[in-house]
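Residue strings, one per chain:
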Amino acid sequence: MLELNEALGGVISGTAAAVKENGFEIVKPGNMTDDLPVTRDGEHSCVDFKGEKGKIRIEFFGNQVLLSFAENSEDGGEENYTKASVNYFNLEEFDQKDLKSLCNELNETINDKFSEKRAVAKKSKMPTPVSKSAAKSGAQAYDGNTLANRLSAMYPELKEPYRENFEKYGSFLPEEFFINYGSKVVIDVIKSRDKTEIKRLFKVLNDIYENGSSETQGLIAVTILGEMKNDSQMCEDVKEFMCDDMREPVLLVNKYLSGKSGEKLRKKLENPPPYKPKKEKKPGMFAQMMAQGSAQNGGMPPM
């Protein structure tokens, strides 16, 4: 647990190098009430920076930290700030490690905006995963790229296929990656029956599922964990490690895919259509499967 002033001081010192390297300096408000260069307005606490490239504002409010940018006003009038990121912030939960992670995310956004070196390198950069703070604050939902990125960090054998997927298609294709590489690694961990490793794996899967988009939830429930193929031992081994939101859908998916009505969908999973440029979105395979199962069983997938 942190005190507000402790957190404010930590963010100021933790972002000092990034703002200085990009040509900014901190603004000391005229109404400072303590040693911190912070403007306070009710529950809002703001830290401002200025430079030739514009202005940066870091605003603390409730369980959020907002990072905004503004161009310098030619007439000296009030600046129009544009929100660049929303980061999760909770004094009751945060410790120094969380504070450091928050600073890293703020620095990343500042460098992406203002660093000339970063702008040159960005053209060939891998897609950026959704940050934990953005997902927790509700600003973004975890996507398939974030899941692949997290698992690649845990299992080094996935790093090369992850990179090759992006380079081959020009964008990351989660289904292709997990069907050909990622799912096998996950299933191998489950088959090992090593509770420590399974718990470590599901800590990531649970977080992504609970804070992910419906497409990402389908990716986990169908493409990845559907590969347990309703094996009673594997399903039993992972039950206790799955979060409440995930447990029932995953077990239903496995039962559905193991039946006759799921055979066609499984073949489609094993032989996905060739990649084509994105068109108008249709319901994902997870939604289609659950809908079909519901229609055939009076509102519920087969048990």
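Residues numbered from 1 in each chain as written. Predicted model: local features only at pLDDT ≥ 70, side-chain atom pairs only at ≥ 80, totals over all residues. Heavy atoms only, no water.

Student: Please explain the pairing of strand S3 (residues 44-51) as it appears in this structure.
Tutor: Regular strands show a simple pattern: their side chains alternate between the two faces of the sheet. The element S3 is largely enclosed, with a buried count of 6 among its 8 residues. Across 3 bridges, the pairing between strand S1 (residues 24-26) and S3 is antiparallel. Across the sheet, residue Glu25 finds its bridge partner in S3, namely Lys50. Pairing geometry for strand S2 (residues 39-41) and S3, over 3 bridges, is antiparallel. Across the sheet, Arg40 pairs through a bridge with Ser45, a residue of S3. Counted between consecutive antiparallel strands, the loop separating S2 from S3 contains 2 residues, among which Gly42 sits at a positive phi close to 65°. In the sheet, S3 pairs with strand S4 (residues 54-61) via 7 bridges, with the strands oriented antiparallel. From the neighbouring strand, Lys50 faces S4, where its bridge partner is Lys55. Joining the antiparallel neighbours S3 and S4 is a turn of 2 residues. (Buried < 20%, exposed > 50% of the residue type's maximum accessible area, 1.4 Å probe, protein only. Helix = DSSP H or I, 4+ residues; strand = E, 2+ residues; numbered from the N terminus. Pairing = 2+ DSSP bridges.)

Student: It is not clear to me how helix H9 (residues 214-224) should be interpreted in this structure. Could you clarify?
Tutor: Residues spaced three or four apart along an α-helix face the same direction, because each turn holds 3.6 residues. The element H9 is largely enclosed, with a buried count of 8 among its 11 residues. What H9 keeps buried is the set Thr216, Gly218, Leu219, Ile220, Ala221, Val222, Thr223 and Ile224.

Student: Explain the nonpolar core to me, please; I cannot follow it from the model alone.
Tutor: When a protein is soluble and globular, its nonpolar side chains tend to lie buried together. In terms of nonpolar packing, the biggest core is built from 44 residues, with Leu147, Leu151, Ile190, Phe202, Leu225 and Met246 touching the most fellow members. Those elements that place two or more of their residues in this core are helix H4 (132-137), helix H5 (144-154), helix H7 (174-192), helix H8 (195-210), H9, helix H10 (232-239) and helix H11 (244-258). If you look at the next biggest cluster of nonpolar residues, it comprises 26 residues, including Phe24, Ile56, Phe69 and Leu102. (Core = buried A, V, L, I, M, F, W, Y, C linked by side-chain atoms within 4.5 Å.)

Student: Please explain unusual backbone geometry as it appears in this structure.
Tutor: Note on backbone geometry: most residues besides glycine have negative phi, and most peptide bonds are trans. Even without being a glycine, Arg193 presents a positive backbone phi close to 60°. With respect to the helices and strands, the residue Arg193 is situated in the loop between H7 and H8.

Student: Quick question: what am I supposed to make of the packing of aromatic side chains here?
Tutor: Think of a pair of aromatic rings as described by two things: how far the centres are apart, and how the planes are tilted against each other in angle. The final tally for this structure, using the stated rule, is 10 aromatic pairs. On the numbers, 5.0 Å between centres and 80° between planes, the contact of Phe69 with Phe114 is edge-to-face. Residue Phe69 is located in strand S5 (residues 64-70), and its partner Phe114 is located in helix H2 (residues 96-114); the two are separated by 45 residues in the primary sequence. For the residue pair Phe69 and Phe114, the accessibility class agrees, reading buried in each case. For the pair Tyr162 and Phe177, a centre-to-centre distance of 6.1 Å together with 70° between the ring planes defines the contact as edge-to-face. In this pair, Tyr162 sits in helix H6 (residues 159-169) while Phe177 sits in helix H7, placing the two residues 15 residues apart along the sequence. (Phe/Tyr/Trp six-rings, centres within 6.5 Å; stacked < 30°, edge-to-face > 60°.)

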